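The primary structure of each chain is shown beneath.
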Amino acid sequence: MTLAIEWAEKYRPQTLKEIVGNKKAVQYLRTWAEKWLSGIPDRRAVVLHGPAGVGKTSTAHALARDLDWEVIELNASDQRTAGVIERVAGSAASMNTFFGGKRLIILDEADNIHGTADRGGMRAIAGIIKNTLQPIVLIANDIYGLTPTIRNLCLEIKFGSVQSRSMVPALKKVCESEDILCSPDAIQQIAEGAGGDLRSAINDLQAAATGRKTLEVEDLSTSGRDVKENIFKAMQRIFKSTDCKKALEAARGLDESPEDLVHWIDENLPFQYASKDGNLEDIKTGFGYLSKADLYLGRVKKRQNYRMWRYASMLMVCGTSVSKTRPYPGFIKYQPPSLWKKMGQIRSKRDLRDNIASKVGEHNFESMRYSRNNLLELYSRMLKNEESAIEITAGLGLELEELIYLSGSTKASKKLQKIYERAQELLLEGNEESDGAEFFRTPAPPGNSKEDLSVFSVNNSVEKDGKHSERLEVPNSRTSQGGQKTLNFGFDIPPEISPETKNSENNTSDTIKPGNLAPDILAPVTLTPDSFTSDTLIPEQDQAEIDDIGIKSDSLTSISLEHDSLKVKNSSSLPGPVEKEAFSDSEPIENSISPELSRSVKSVNREPAIKKVSDNSEKSEVKVSETPKKVESKTQKTLFDF
Ligand SMILES: Nc1ncnc2c1ncn2[C@@H]1O[C@H](COP(=O)(O)OP(=O)(O)OP(=O)(O)O)[C@@H](O)[C@H]1O
């Protein structure tokens, strides 16, 4: 295994020219980098995002080599708390190099800085990007793993899977360098089997070629990796065929867990089985099986008993396959689960909300949680007054999208844009006044936090131009003792907490008040167990679990009773043991088939989710809009393991 890593490292591209595929993405990156040679570009950082093993990290390093830049890299193995990021990347970003050249700061696996401990990490990155004097490249598999603020600050460059025809010459080169005679078919097979991941292809080649001087297709059958099924092909097999065995094989070859697959089937079943005469029977039957599969999935999660996956898989795959009473010809464009997109959006909103809460919390010496539960609404109300809104936006350093969110608006109205622009001007003035001193984030000495609140002046009713106004004045708030920046919104800050606030303090709910906050999309679903009648497929040890679920044990074989094309008749064709460890990292996700599942029968938004500005051949693009995205972390090992 050590050896397998070596070839991928040994043949890591050294220059941008050597990068295979993703030519457009590489070009965008180069253009951005060249802007640094003549000043500071609008976007001081880029984020390279896309699947694993397609050359994102290699491209960043090759760029630095091509331009003769120094490299400072922080990768996932480094501890990446706010302090470390500020110390390492922050100082590298704020200083010029000795000989005046540039220094490329690479933050690998930037989407993996998450959790409470690292929440400050994301903020630190955003702060560094805003002020950096050096180019920064973030690398991420999941662009949604970054906070909206960071995404706004970065130029997004998407890397797509490397096409197999582009991989072939690269693999041939490796063979030549290693003096291995590899047949074209074998190379082709390796390239196709890698699923767009060039690193995997090189690893596969090395695994197959170890101890050989020649390599043929036959040599790959034992040493090569399992050829991964494409989800779209698998969906076709599941929906179009009536042969359960084939459908199961297709599902097995997928790099998707049953938990993901059930969402794919759920999303597409109503479209695939839609009939012109309005007959919904097949759809109903299909969803019946999905709901039973979902019970097993729920049990897996609850008990961590991954053996149950095999039953869930059989129910969802075979059940869907046999629930059609007639063929459904014609092309259907299978869509990724819309639930993932919704969850992605909700997560972005939560991140946005938490970012704002952190900023508010910082100014009030309160925790993010406290400020989220108790202060956001107050700030949201204060935004109603235009003058205070400007002060708040500047004082907290709110981004436009944060201002929109906090004001409860859904879009950037002219008024909000004006507020934001004036806040930026205020900030600039503040920076000039303080002679370059940092306007925000000046740490207050411990102990004086609460006292500082007393500098808020009470000026609730100011007569301005004969007009009553709630304009607030901030006399010397920025230079208050200890460097703490305070906001003066013209409100009295009573020394004691108001009864309202007290109440809300007790409120443990995470719900926040300002307007359009994230809806709760996952509601529990109650499923009624059906009757099943045989237990031929179920090993004894699973019997208790199944009984416990409330489904009679023969649920699985009921499929075969309904349709004679089900060829899985005995336990030998059942999945083998599943490696539980492979799933231990998975992010908690609601297992139950949500109300969306049944609702999706009625309607699903079929709008194309991605606007591409891109080279189709290599799927690279500069990202402009949202992509449906599942929320699960990339660390989830998603085996459809049998
Ligand atoms: N486009 C490519 N061109 C040339 N080599 C590549 C390419 N993609 C991957 N490789 C090979 O795979 C190895 C790993 O690539 P790299 O680390 O750049 O991928 P990555 O996209 O950053 O993956 P991850 O997201 O897992 O970090 C490289 O050392 C190189 O040998």
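Procedures and definitions
Residues numbered from 1 in each chain as written. Predicted model: local features only at pLDDT ≥ 70, side-chain atom pairs only at ≥ 80, totals over all residues. Heavy atoms only, no water. Helix = DSSP H or I, 4+ residues; strand = E, 2+ residues; numbered from the N terminus. Buried < 20%, exposed > 50% of the residue type's maximum accessible area, 1.4 Å probe, protein only. Contact = heavy atoms within 4.5 Å. Areas by Shrake-Rupley, 256 points an atom, 1.4 Å probe, with all protein chains shown as cover. Disulfide = S-S within 2.5 Å. Core = buried A, V, L, I, M, F, W, Y, C linked by side-chain atoms within 4.5 Å. Near = heavy atom within 4 Å. Polar contact = N/O pair within 3.5 Å; in protein donor to acceptor, adjacent residues only side chain to side chain. Arc of directions from axis to C-beta. Axes fitted to C-alpha atoms, helices over the stretch in contact; angles between N-to-C directions. Parallel < 35°, antiparallel > 145°, perpendicular 65-115°, else oblique. Left-handed = near helix turned anticlockwise from the far one by under 90°. Salt bridge = Lys/Arg side-chain N within 4 Å of Asp/Glu carboxyl O. Expected span 1.5 Å × (residues − 1). UniProt positions renumbered as here; feature names shortened; annotations may be inferred. Phe/Tyr/Trp six-rings, centres within 6.5 Å; stacked < 30°, edge-to-face > 60°. Pairing = 2+ DSSP bridges.

## Quick notes on the overall build of the protein
Looking only at helices and strands, the protein has 25 helices and 11 strands in total. Each of the 642 residues in the protein was classed as buried or not, and the buried ones make up 51%. Across the protein, the fraction of contacts at a sequence separation of at least 24, relative to all contacts at a separation of at least 6, is 76%. If you sum the accessible surface of the protein, you get close to 31100 Å²; carbon and sulfur atoms cover 51% of it.

## Structural notes on the state of the cysteines
Throughout this description, disulfide means a covalent bond between two cysteine sulfur atoms. The full count for this structure, using the stated rule, is zero disulfides. Lacking any disulfide linkage, Cys244 is separated from the closest cysteine sulfur, that of Cys318, by 3.9 Å. Overall, Cys244 belongs to the buried group, its relative accessible area being 0%. Overall, the relative accessible area of 0% leaves Cys318 in the buried class.

## Thoughts on the nonpolar core
One finds Leu48, Leu63, Trp69, Val137, Leu171, Leu205 and Leu215 to be the most contacted residues of the largest nonpolar core, which totals 48 residues. Counting 39 residues, the second-largest nonpolar core is a separate cluster that includes Phe239, Leu248, Leu290 and Val300.

## Re the site of the ligand
In the neighbourhood of the ligand, 19 residues make up the surrounding shell, with Ala8, Lys56, Thr57, Ser58 and Arg199 lying closest. Take Val20: an N or O atom from its main chain is 2.8 Å from a nitrogen atom of the ligand. Within the backbone of Gly55, an N or O atom sits 3.0 Å from a nitrogen atom of the ligand. Burial of the ligand by the protein amounts to 94% of the accessible area it has alone, namely 620 Å². Taken together, the elements giving at least two residues each to the shell around the ligand come down to helix H3 (56-67) and helix H9 (198-209).

## Things to note about helix H12 (residues 244-252)
Because each turn of an α-helix spans 3.6 residues, side chains separated by three or four positions end up pointing in the same direction. Turning to H12, its buried residues are Cys244, Ala247, Leu248, Ala250 and Ala251. The arc enclosing the buried residues of H12, seen along the axis, measures out at 160 degrees, which places them on a common side. On its buried face, H12 sits against helix H11 (231-240), helix H13 (258-272) and helix H15 (309-322). Measuring from the side-chain oxygen of the N-cap residue of H12 to the backbone nitrogen of Lys245 gives 2.9 Å; that N-cap residue is Asp243.

## Some remarks on the packing of H13 against helix H14 (residues 281-303)
Across the interface, H13 lies against H14 with an axial gap of 10 Å and an inter-helix angle of 165 degrees. Judged on the interaxial angle alone, H14 and H13 are roughly antiparallel. Seen from above, H13 lies across H14 with left-handed handedness. Between H13 and H14, the residues in contact are Pro258, Glu259, Val262, Ile265, Asp266, Leu269 and Pro270 and Ile283, Gly286, Phe287, Leu290, Leu297 and Lys301, respectively.

## Some thoughts on the pattern of salt bridges
Inspection of every chain in the model, using the stated rule, returns 14 salt bridges. For the salt bridge of Glu34 with Arg30, the shortest nitrogen-to-oxygen distance reads 2.9 Å. Note that Glu34 and Arg30 are positioned in helix H2 (residues 23-35) at a spacing of four residues, about one turn of the helix. Judged by its relative accessible area of 36%, Glu34 falls in the partly exposed class. Glu377 is the partner of Arg381 in a salt bridge, and the nearest nitrogen-oxygen pair spans 2.8 Å. One end of the pair is Arg381 and the other is Glu377, both in helix H17 (residues 368-382) and four residues apart, which spans about a single turn. Among the residues examined, Arg381 registers a relative accessible area of 54% and is labelled exposed. If you follow the salt bridges from partner to partner, you end up with Arg30, Glu34 and Asp66 in one network.

## A short note on H3
The terminal C-alpha atoms of H3 lie 17 Å apart, and with 12 residues this matches the ideal 16 Å at 1.5 Å per residue to within 8%. Most of H3 sits out of view: 10 of its 12 residues are buried. Burial in H3 covers these residues: Lys56, Thr57, Ser58, Thr59, Ala60, His61, Ala62, Leu63, Ala64 and Leu67. In this structure, the buried side of H3 is in contact with H2, strand S1 (45-49), strand S2 (70-74), strand S3 (103-107) and strand S4 (136-140). After H3 finishes, the residue Asp68 shows a positive phi value of roughly 60 degrees.

## A look at the UniProt feature "binding site: ATP" in the protein
In the numbering used here, UniProt assigns the feature "binding site: ATP" to Gly50, Pro51, Ala52, Gly53, Val54, Gly55, Lys56 and Thr57. Here Ala52 is to be found in the loop between S1 and H3. Excluding anything up to four places from it in sequence, Ala52 contacts Asn141, Asp197 and Arg199. Residue contacts for Gly53: discarding those within four places in its chain leaves Asp197, Leu198 and Arg199.

## Structural notes on the packing of aromatic side chains
Given two aromatic rings, one states the distance between the centres and the angle between the planes to describe the pair. The final tally for this structure, using the stated rule, is eight aromatic pairs. For the ring pair Phe239 and Tyr273, a centre distance of 5.6 Å and an interplane angle of 85 degrees mean the geometry is edge-to-face. In this pair, Phe239 sits in helix H11 while Tyr273 sits in the loop between H13 and H14, placing the two residues 34 residues apart along the sequence. Residue classification places Phe239 among the buried positions, given a relative accessible area of 1%. With a relative accessible area of 0%, Tyr273 lands in the buried category.

## Looking at unusual backbone geometry
Backbone geometry places Asp179, a non-glycine residue, at a positive phi of 60 degrees. With respect to the secondary-structure elements, Asp179 resides in the loop between helix H7 (164-178) and strand S6 (181-182). By relative accessible area, Asp179 is classed as exposed at 57%. Backbone geometry at Phe365 places phi at a positive 55 degrees, although glycine is not the residue there. With respect to the helices, strands and loops of the structure, Phe365 is situated in the loop between helix H16 (338-364) and H17.

## With respect to the side chain of Thr147
Residue position: Thr147 is located in the loop between S4 and helix H6 (148-153). Setting aside anything within four residues of it in sequence, one finds Thr147 in contact with Met122 and Asn355.

## Points about the pairing of S1
For S1, the tally of buried residues reaches five of five residues, placing the bulk of the element in the interior. Side chains Ala45, Val47 and His49 of S1 all project onto a buried face; the interleaved residues Val46 and Leu48 project onto the opposite face, where all are buried too. Strand direction decides the pairing type here: S1 and S4, joined by five bridges, are parallel. Following the sheet pairing, Ala45 is matched in S4 by Ile136. Of the strand pairs in this sheet, S1 and strand S5 (residues 154-158) are connected by five bridges, and their pairing is parallel. Bridge assignment links Leu48 to a residue of S5, and that residue is Ile157.

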